[in-house]
Amino acid sequence: MADASRSSGVLGASAIVARSQCRLKSIHASIVIASNAAVTIKLFDSLDNSGTELARIHHTTTGQYNLEYDMHGVLCTTALFCEITEVGSSTAHVSVEFN
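Model, not experiment: these values are computed from the prediction.

Visitor: Please clarify how the overall build of the chain should be interpreted in this entry.
Guide: Per the secondary structure count, the chain includes zero helices and eight strands. Seen in sequence order, the chain has helices and strands lined up from the N terminus as β-β-β-β-β-β-β-β. Here the C-alpha radius of gyration of the chain, 13 Å, is about what a compact globule of 99 residues would show, namely 13 Å. If one aligns the C-alpha atoms of the chain with their principal axes, the spans along those axes are about 45 × 30 × 20 Å. For the chain, the residues scored as buried account for 40% of the 99 residues in total. In the chain, 78% of the contacts between residues at least 6 apart in sequence involve partners at least 24 apart. When the accessible surface of the chain is totalled, it reaches about 5300 Å², and 49% of it is carbon and sulfur. Computing the positive centroid from 6 side-chain charges and the negative centroid from 9, the chain places the two 5 Å apart.

Spelled out as structure tokens, the structure:
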């Protein structure tokens, strides 16, 4: 059987990805940095940004970037929360795969 995963779908703002225990499989991000204004993406083992931080993507160099982080099924014992912080006209669109 294939190793199927669920997806958050594309997120343009902070959101709860999973409300219970899960395994974080991967993070896909499409980031546009305008005028060197930062974008930061953080994933937490929590229902908000107060839990254990599992991953962080931070970029400040003007340009467009498509990134993929393979998280190898990291266990989130509480929940999974994605925090997206954009400065100025910079933008981030993120999908989180988990099961």
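Visitor: Mind showing me how you'd approach the nonpolar core here?
Guide: Taken as a class, soluble globular proteins show a tendency for nonpolar side chains to be buried jointly. Ile41 and Leu80 are the most contacted members of the largest nonpolar core, which has 23 residues in total. Put simply, the parts of the chain that give this core at least two residues each are β2 (15-18), β3 (22-33), β4 (39-45), β5 (52-59), β6 (63-76), β7 (80-86) and β8 (91-98). Sorting elements by how many residues they give to this core places β3 first, with six residues. The contact partners of Ile41, leaving out residues within four places of it in the chain, are Ala29, Ile31, Ala55, Arg56, Ile57, Cys82, Glu83, Ala92 and Val94.

Criteria and thresholds
Residues numbered from 1 in each chain as written. Predicted model: local features only at pLDDT ≥ 70, side-chain atom pairs only at ≥ 80, totals over all residues. Heavy atoms only, no water. Helix = DSSP H or I, 4+ residues; strand = E, 2+ residues; numbered from the N terminus. Rg over C-alpha atoms; globule rule 2.2 N^0.38 Å. Buried < 20%, exposed > 50% of the residue type's maximum accessible area, 1.4 Å probe, protein only. Contact = heavy atoms within 4.5 Å. Areas by Shrake-Rupley, 256 points an atom, 1.4 Å probe, with all protein chains shown as cover. Lys, Arg positive; Asp, Glu negative; His and termini not counted. Charge placed at Lys NZ, Arg CZ, Asp CG, Glu CD. Core = buried A, V, L, I, M, F, W, Y, C linked by side-chain atoms within 4.5 Å.

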